[in-house]
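Structure assessment
Listed below, chain by chain, are the residues.
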Amino acid sequence: MPQPSAPRKSPGRPPRISREEVIGTARRIVTEEGVDRLTMRRLATEIGSTPMALYHHVRNKEELLVLLLDDYAAQALRRPELPAHPRRRIVVAAAAIHEALAACPWIVEVLTADDLMSTSALWFVEQIVDGLVECGLSPERAVHGYRAIWYYTAGEIVVRATAARRRADDDRGTYREQVFGDLDPGELPRLAQIADRWAPLTGEDTYLDGLRALVDGLLAAR
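Here we summarise the structure given alongside this text. Model, not experiment: these values are computed from the prediction.

Right, let's get into the pattern of salt bridges. One pass over the structure, following the stated rule, counts 11 salt bridges. Between arginine 89 and aspartate 130 there is a salt bridge whose closest N-O contact spans 3.2 Å. Within this pair, whereas arginine 89 is found in helix α5 (residues 86–102), its partner aspartate 130 is found in helix α7 (residues 122–134), the two being separated by 41 residues in sequence. For aspartate 130, a relative accessible area of 27% translates into the label partly exposed. A salt bridge links arginine 160 to glutamate 156, with the nearest nitrogen and oxygen atoms 2.5 Å apart. Pair noted here: arginine 160 and glutamate 156 are both in helix α8 (residues 139–169), with a separation of 4 residues, about one helical turn. Of the residues examined, glutamate 156 reaches a relative accessible area of 14% and is grouped as buried. Connected through salt bridges with shared partners, the residues Arg28, Glu32, Glu33, Arg42 and Glu46 form a single ionic network.

For helix α12 (residues 207–220), spanning 14 residues, the distance from its first C-alpha to its last is 20 Å, which sits close to the expected 20 Å at 1.5 Å a residue. What α12 keeps buried is the set Tyr207, Leu211, Val215, Leu218 and Leu219. Axial view of α12: buried residues confined to an arc of 95 degrees, hence all on one face. Turned more than 90 degrees off the buried face of α12, the exposed positions are Asp209 and Ala220.

Rules and cut-offs
Residues numbered from 1 in each chain as written. Predicted model: local features only at pLDDT ≥ 70, side-chain atom pairs only at ≥ 80, totals over all residues. Heavy atoms only, no water. Salt bridge = Lys/Arg side-chain N within 4 Å of Asp/Glu carboxyl O. Helix = DSSP H or I, 4+ residues; strand = E, 2+ residues; numbered from the N terminus. Buried < 20%, exposed > 50% of the residue type's maximum accessible area, 1.4 Å probe, protein only. Expected span 1.5 Å × (residues − 1). Arc of directions from axis to C-beta.

Okay, structure coming up:
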């Protein structure tokens, strides 16, 4: 006996998509190509749907980026065990932010817009601001202190990620290496003295040293 045929889909109707599929595809695009390449039209094409279908899950690109931030924070931001001393607590919380974001530099690019954030990451901000207040800063100065720590952290990640990307794209000597190879000792004696060691020295991971010095400087201004 012939089997009944499967119901036919309406012509032109896009396949049903899930929010997980939307977030996963968006994450792949920004990871491989950068935030600028993520558009609702591009995302719809990658999923095999239409921009209109995406709007059932996200209203616009900004909301999509917030979902990506929350998704990454839930997976990568692990709350560390915090020491009792407030100064050490500041350093541990900031270092945890740095460790998580350094593994995914595009997140920093989104966060530097300064109007998008993951609410689940605010716990880390709370620890830093609270630690600064316990160390004697006013709440207003503590916010300024957090901003300085965030700028230092984000800047360090962006510079390193950009340099690594350029080295991966072009293995030729950099323009900086050419310049440092021809320094005039009479005009720039100190730089000429260490010119051959400049690249390895600036390539060292000194984030924690800089962070501790920054925190000490913030607290010294009490």
